[in-house]
Amino acid sequence: MSKANRKIHLEGSPLSAGWICGLFCLPLLLAASILFVSPNFQSVDGGVRASPMGGDFLQEWVGAYVARSADRDKLYDLNHIKAVQHDQRVVGFSWPEKDYFPMVYPPFYYQLLRPMTVMDYCFAMKVWLFLSGLSVSFSFWLLFRFYRPSRKWLGVGGVAAMLFVPLIICLIMGQKSTFLLLILTGTFVLFYNERPFWSGLVFGLIAFKPHLGVVIGIAMLLKGRWRFAAGALTTVVAMVGVSFFVSPQLWYDYLKIVGGMGDYVETGGYLLADSHGMWGAVQLTFSQFNMPDWFIKLIALMASLVVTILLWRVIRGPSNPIGEESFAAMVLATVMLSPHFYTYDLTILLLPMLLMATSMSRRKPVPKEGLLLGGVCVGIFVFAGSFKTFATSTSLQFSLPLMIAALVLLGQCSLPNRLPHIEN
């Protein structure tokens with residue numbers, strides 16, 4: 001067989017072997033480009049850096065470093081953490097003493113990252129960057145291998161994803177959103193292939209950011225997906241149980257931290273213009289009018305109730321399985337109902353946008369709502385990098401209307417009289 005005609009002999013794939021290998025390598029190439037271009041990964045000759053090398057990964061590494069040390073019980077001691085983060089002998093650089101990263105994740109998260117501290121920080125941050133890129137590559141592979149309908153869109157979608165501003169910001173800042181994307185992708189493909197327990201087992205890994213598991217977890221319970229719930233509970237109980245056995249005191253300290261986050265979006269350092277959760281968006285818009293806190297929270301609660309109703313409109317009914325549209329709707333609702341969700345976390349929207357494109361393109365004929373939904377997805381993709389700028393200028397978070405519009409259109413498409421023939 002000639003190279004020109006060599007194809008991947010998998011049904012539904014229009015891509016050659018070379019294209020597929022290139023697609024999976026793209027996130028690693030993007031990570032390599034960021035490593036050589038971004039100031040976050042460049043050394044500074046003398047003086048004090050304006051921000052830590054590796055971005056926010058310093059928070060992960062220092063937490064894991066303390067969890068591995070004899071002072072592990074001081075993991076949530078802010079003074080101790082600040083001292084370690086600014087100890088040049090430990091991290092290898094100096095940065096402003098007034099800046100710091102508090103420890104905000106559960107104890108098991110830092111304990112799982114302890115192997116990263118075997119490496120010095122500057123090398124570990126590079127490993128983290130490439131692991132982050134590899135997570136995107138592996139997400140592509142899972143979709144290509146186990147979600148056959150995506151093959152039509154995965155080529156152009158994967159290339160376009162490299163231009164998605166939240167993904168680029170995530171890699172530059174050393175954030176974890178690509179790992180969240182991988183967890184959600186694994187969750188979806190396992191459920192799609194009728195492995196609900198294993199799907200839940202993977203989904204349970206999202207517990208390091210527990211607020212991101214609430215919407216999907218409750219939706220699955222309401223849909224009676226008990227094996228999914230059992231899998232998720234198994235993972236969470238295992239991680240919590242082992243970490244509690246290692247150090248019960250850390251969990252008491254962590255729960256104190258969680259208990260103090262009730263007014264998190266109202267703190268001085270919180271970037272409201274960068275927030276895409278309903279609470280942050282409402283706080284951004286109404287706080288300029290000197291509205292009382294209780295009124296702002298009431299508005300946020302009412303708006304969240306609307307999002308919940310729109311979500312249920314998509315996934316309701318015993319005959320509606322948790323498929324592409326339902327899972328896409330749950331991820332969109334997760335973003336909007338989260339108490340904390342910054343632009344870099346919008347990386348996870350790559351999955352629902354692909355699922356919506358795949359689902360709508362399989363309908364014959366494509367409904368009008370499906371075409372409008374495609375336009376909304378394009379709007380989210382194109383303007384994601386500008387949401388913060390718009391919000392700063394107008395005190396309005398434009399990501400919310402777009403995501404709400406997507407939920408409305410998904411609900412319209414799922415109505416019994418709007419279900420045209422779907423190709424397998």
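That block above? That's the structure.
About the cut-offs
- Residues numbered from 1 in each chain as written.
- Predicted model: local features only at pLDDT ≥ 70, side-chain atom pairs only at ≥ 80, totals over all residues.
- Heavy atoms only, no water.
- Helix = DSSP H or I, 4+ residues; strand = E, 2+ residues; numbered from the N terminus.
- Buried < 20%, exposed > 50% of the residue type's maximum accessible area, 1.4 Å probe, protein only.
- Contact = heavy atoms within 4.5 Å.
- Areas by Shrake-Rupley, 256 points an atom, 1.4 Å probe, with all protein chains shown as cover.
- Salt bridge = Lys/Arg side-chain N within 4 Å of Asp/Glu carboxyl O.
- Core = buried A, V, L, I, M, F, W, Y, C linked by side-chain atoms within 4.5 Å.
- Axes fitted to C-alpha atoms, helices over the stretch in contact; angles between N-to-C directions.
- Parallel < 35°, antiparallel > 145°, perpendicular 65-115°, else oblique.
- Left-handed = near helix turned anticlockwise from the far one by under 90°.
- Nonpolar A, V, L, I, M, F, W, Y, C, P; charged D, E, K, R; others polar.
- Patch = residues over 30% accessible without salt bridge, like charges linked within 9 Å, V, L, I, M, F, W, Y side chains within 5 Å.
- Phe/Tyr/Trp six-rings, centres within 6.5 Å; stacked < 30°, edge-to-face > 60°.
- Lys NZ or Arg CZ within 6 Å of the ring centre and 35° of its normal.

Asker: How would you sum up the overall build of the protein? Please name residues and give values.
Answerer: Within the protein, the secondary structure is distributed over 20 helices and two strands. When each of the 424 residues of the protein is scored for burial, the buried share is 51%. Within the protein, contacts between residues separated by at least 24 positions form 73% of all contacts whose residues are at least 6 apart in sequence. As displayed, the protein offers around 19600 Å² of accessible surface, 67% of which is attributable to carbon and sulfur atoms.

Asker: Before we move on, could you go through the side chain of Gln 111 and cite the residues and values that matter?
Answerer: With respect to the helices, strands and loops of the structure, Gln 111 is situated in helix H5 (residues 107-112). Judged by relative accessible area, Gln 111 falls into the buried class, the value being 17%. When residues no more than four places from it in sequence are discounted, the contact partners of Gln 111 are Ala 67, Ser 243, Val 246 and Leu 250.

Asker: Go over the pattern of salt bridges with me, naming the residues and quoting the values.
Answerer: Within this structure, the stated rule accounts for five salt bridges. The salt bridge partner of Glu 60 is Lys 176, with a shortest N-O separation of 2.7 Å. Remark: Lys 176 occurs in the loop between helix H8 (165-173) and helix H9 (177-192) and Glu 60 occurs in helix H2 (residues 57-68); sequence separation between them is 116 residues. Look at Glu 60 and you get buried, because its relative accessible area is 1%. Judged by its relative accessible area of 2%, Lys 176 is buried. As a salt-bridge pair, Lys 209 and Asp 345 come within 3.4 Å of each other at their nearest N and O atoms. Placement of the pair is Lys 209 in the loop between helix H10 (196-203) and helix H11 (214-222) and Asp 345 in the loop between helix H16 (324-337) and helix H17 (350-361), with a sequence separation of 136 residues. The residues Lys 209 and Asp 345 share a single accessibility class, namely buried.

Asker: Any details on the nonpolar core? Residues and values, ideally.
Answerer: Counting 116 residues, the largest nonpolar core has Trp 61, Ile 216 and Phe 327 as the members making the most contacts within it. Looking at this core, the element that brings in the most residues is helix H6 (residues 121-146), giving ten residues. Ignoring anything within four residues of it in the chain, the contact list for Ile 216 reads Leu 184, Phe 203, Phe 228, Phe 327, Met 330, Val 331 and Thr 334. Membership of the second largest hydrophobic core comes to eight residues, among which are Tyr 270, Ala 273, Leu 284 and Tyr 344.

Asker: Please give an account of the packing of H2 against H6 that cites residues and values.
Answerer: Packing of H2 against H6 brings their axes to within 11 Å, and their N-to-C directions diverge by 120°. In this view, H2 runs oblique relative to H6, as classed from their interaxial angle. As for the relative orientation of H2 and H6, their crossing is right-handed in sense. Across from Phe 57, Leu 58, Glu 60 and Trp 61 in H2, the residues of H6 making contact are Tyr 121, Ala 124, Met 125 and Trp 128. When the residues that make up the contact of H2 with H6 are grouped by side-chain class, the tally is seven nonpolar, no polar and one charged.

Asker: I'd like a rundown of the environment of Thr 187, residues and numbers included.
Answerer: Here Thr 187 shows up in helix H9. Sequence separation of Thr 187 and Phe 197 is ten residues, and the distance between their C-alpha atoms is 9.9 Å. When sequence neighbours within four positions are dropped, the list of residues in contact with Thr 187 reads Ser 199, Val 202, Phe 203, Phe 228 and Phe 327.

Asker: Can you lay out the environment of Val 44 for me, pointing to particular residues and giving the numbers?
Answerer: Position of Val 44 among the secondary structure elements: in the loop between helix H1 (17-37) and H2. Owing to a relative accessible area of 48%, Val 44 belongs among the partly exposed residues under this scheme. Between the C-alpha atoms of Val 44 and Phe 93, which are 49 residues apart in sequence, the distance is 8.5 Å.

Asker: Explain H11 to me, using residue names and the numbers behind them.
Answerer: Among the residues of H11, those classed as buried are Val 215, Ile 216, Gly 217, Ala 219 and Met 220. Each element contacted by the buried residues of H11 is listed here: H9, H10, helix H12 (226-246), helix H15 (293-315) and H16.

Asker: For a nonpolar patch on the surface, give the residues involved together with the corresponding values.
Answerer: Together, Val 378, Val 382, Phe 383, Phe 390, Leu 396 and Phe 398 give the surface a local cluster of nonpolar side chains, amounting to about 520 Å² of exposed area. Element by element, the count of residues in the nonpolar patch is highest for helix H18 (residues 368-383), at three residues. Mapping Val 378 onto the fold places it in helix H18.

Asker: Please give an account of the packing of H6 against H9 that cites residues and values.
Answerer: In the contact formed by H6 and H9, the axes pass within 8 Å of each other and the chain directions differ by 20°. Relative to H9, H6 is oriented roughly parallel. Crossing angle aside, the handedness with which H6 passes H9 is left-handed. On H9, the residues touching Trp 128, Leu 131, Ser 132, Ser 135, Val 136, Phe 138, Ser 139, Leu 142, Leu 143 and Phe 146 of H6 are Thr 178, Phe 179, Leu 181, Leu 182, Thr 185, Gly 186, Val 189 and Tyr 192.

Asker: If you had to explain the packing of aromatic side chains to someone new, which residues and values would you point to?
Answerer: Throughout the structure, instances matching the rule amount to 32 aromatic pairs. For the ring pair Trp 61 and Tyr 121, a centre distance of 5.4 Å and an interplane angle of 75° mean the geometry is edge-to-face. In this pair, Trp 61 is assigned in helix H2 and Tyr 121 in helix H6, connecting sequence segments 60 residues apart. With relative accessibility at 1%, the residue Tyr 121 sits in the buried group. Here Phe 138 and Trp 141 contribute two aromatic rings whose centre-to-centre distance is 5.5 Å and whose plane-to-plane angle is 10°, an arrangement assigned as stacked. With a gap of three residues between them, Phe 138 and Trp 141 both fall in helix H6, about one helical turn apart. You can call Phe 138 partly exposed: its relative accessible area is 40%. Members of the aromatic cluster, joined through ring pairs, are Phe 57, Trp 61, Tyr 65, Phe 93, Tyr 121, Trp 128 and Phe 179. One residue, Lys 82, lies across the ring of Tyr 100, its end atom 4.6 Å from the ring centre.

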